[in-house]
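Each chain, written out:
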Amino acid sequence: MEIQNVFVVGAGQMGSGIAQVCAQAGYQVFLNDLQTDIVDKGLSVIEKNLDRQVQKERITENEKYNIIGRITTSTDVKDAEKADVVIEAAIENMEVKTRIFETLDKHAPAHAILASNTSSLPITEIAAATKRPGKVIGMHFMNPVPVMQLVEIIRGLATEDEVYQSIESMTKSLKKVPVAVNDFPGFVSNRVLMPMINEAIYTLYEGVATEEAIDEVMKLGMNHPMGPLTLADFIGLDTCLYIMETLHEGFGDDKYRPCPLLRKYVKAGWLGKKAGRGFYKYE
Ligand code: CAA
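Being a predicted model, the structure only gives us computed values, none of them experimental.

Trainee: Outline the side chain of H140, listing residues and values.
Mentor: Structurally, H140 is set in strand β6 (residues 136-141). Here H140 falls in the buried class, since its relative accessible area comes to 5%. Among the polar contacts made by the side chain of H140, one reaches the side chain of S189 at a distance of 3.4 Å. Contact partners of H140, with chain neighbours within four places excluded, come to S116, N117, T118, S119, L150, V151, E152, I154, F187, S189 and N190.

Right under this line is the structure:
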């Protein structure tokens with residue numbers, strides 16, 4: 001199937017990154033969110049990222065202009081009627097995602113693939129909200145999207161082989177590496193990453209070491225680019241909690257129990273970098 005038009009739902013951190021890499025790869029992109037100011041903010045993040053690439057002489061000013069020219073902003077889900085592929089990057093919440101997929105199913109053309117950037121929720125359940133479960137698939141990008149190479153590709157129970165192949169080759173066209181995984185809570189990335197982050201939070205909670213010490217141990221001792229608490233702030237503590245809850249509910253094992261300190265920070269609104277405060281304070 002030839003893919004030309006990509007409709008990205010959600011203009012936040014992940015959605016804007018996805019829109020950027022798609023436009024850079026030559027796709028026509030619609031960047032959609034509920035409100036104009038959110039979409040405008042997403043577009044300005046893309047512009048800043050491209051400016052950095054111009055400064056580093058990786059792209060020319062003219063190429064930047066062409067990339068931006070391939071992105072159309074949208075606050076109307078009806079614009080999905082032009083899509084070949086939809087990539088949903090809204091918040092991690094099953095109710096929200098199923099509602100979005102029901103709506104997309106009504107507006108996107110019959111041939112369109114509906115992909116979700118969910119980081120842990122079952123693709124099979126999201127697919128069941130549509131009348132085209134064979135055309136629903138997981139396409140899980142990592143943050144920051146323009147930098148990270150991986151895309152986890154998750155087949156739902158009904159995902160057609162042809163759909164998998166189209167998304168796999170689209171991922172390669174974005175200069176990313178697709179890795180196939182099956183539909184289990186947290187897939188592979190967050191099944192492995194989040195319990196580590198949660199354990200780092202328990203380590204802080206139990207007074208084993210300070211925030212800085214925990215991060216330093218993992219950075220210098222394990223060569224991680226960011227310590228787990230810095231990474232949690234970067235991902236968003238609300239997202240971390242939601243993923244831990246999905247793992248806990250999905251597997252029922254106590255080893256996935258979210259740390260009470262994580263819950264407390266989320267309740268306080270200390271959601272990490274985006275909120276100006278998480279395990280660390282941000283200007
Ligand atoms: N957007 C675009 N580009 C960015 C960026 C952003 N938000 N942040 C950094 N970059 C670019 C910089 O421009 C720089 O580019 P060049 O090398 O081309 O000059 C490059 O990334 C390195 O940046 P810095 O030198 O400023 O900083 P750094 O070396 O510390 O790298 C990092 C920053 C890439 C974020 C690195 O710290 C890192 O890899 N951290 C771990 C990220 C990670 O684990 N991501 C996965 C999170 S889990 C997830 O996403 C899944 C989920 O479901 C929760």
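Trainee: Could you give an account of unusual backbone geometry, naming the residues involved and the relevant values?
Mentor: Along the chain, N143 connects to P144 via a cis peptide bond; the corresponding omega equals -5°. Its location among the elements puts P144 in the loop between β6 and β7 (150-155). Unlike most non-glycine residues, K175 shows phi in positive territory, near 65°. Relative to the assigned elements, K175 resides in the loop between α6 (161-173) and β8 (177-181). K175 gets classed as exposed once you look at its relative accessible area, which sits at 73%. The phi dihedral of F187 is positive, around 50°, even though this residue is not glycine. Note that F187 resides in the loop between β8 and α7 (189-205).

Trainee: Residue-level account of the UniProt feature "domain: 3-hydroxyacyl-CoA dehydrogenase NAD binding" (unreviewed entry) in the chain, with values.
Mentor: Cross-referencing UniProt, the feature "domain: 3-hydroxyacyl-CoA dehydrogenase NAD binding" (unreviewed entry) maps to residues 5-183 in the present numbering. The span residues 5-183 is 41% helical and 22% strand by assignment, and the distance between its end C-alpha atoms comes to 26 Å.

Trainee: I'd love a proper account of the packing of aromatic side chains, names of residues and values included.
Mentor: Under the definition given, this model contains five aromatic pairs. Taking the centre distance of 5.3 Å and the plane angle of 35° together, the rings of F251 and Y256 count as tilted. The class of F251 is partly exposed, set by a relative accessible area of 28%. Ring centres 5.0 Å apart and planes at 35° place the aromatic pair Y265 and F279 in the tilted group. Note that Y265 is positioned in helix α11 (residues 260-268) and F279 in the segment after α11, a separation of 14 residues in sequence. Across this residue pair, the class does not change: Y265 and F279 are buried. A network of ring pairs unites the aromatic residues Y265, W270 and F279 as a single cluster.

What counts, and where the lines are drawn
Residues numbered from 1 in each chain as written. Predicted model: local features only at pLDDT ≥ 70, side-chain atom pairs only at ≥ 80, totals over all residues. Heavy atoms only, no water. Helix = DSSP H or I, 4+ residues; strand = E, 2+ residues; numbered from the N terminus. Buried < 20%, exposed > 50% of the residue type's maximum accessible area, 1.4 Å probe, protein only. Polar contact = N/O pair within 3.5 Å; in protein donor to acceptor, adjacent residues only side chain to side chain. Contact = heavy atoms within 4.5 Å. UniProt positions renumbered as here; feature names shortened; annotations may be inferred. Phe/Tyr/Trp six-rings, centres within 6.5 Å; stacked < 30°, edge-to-face > 60°.

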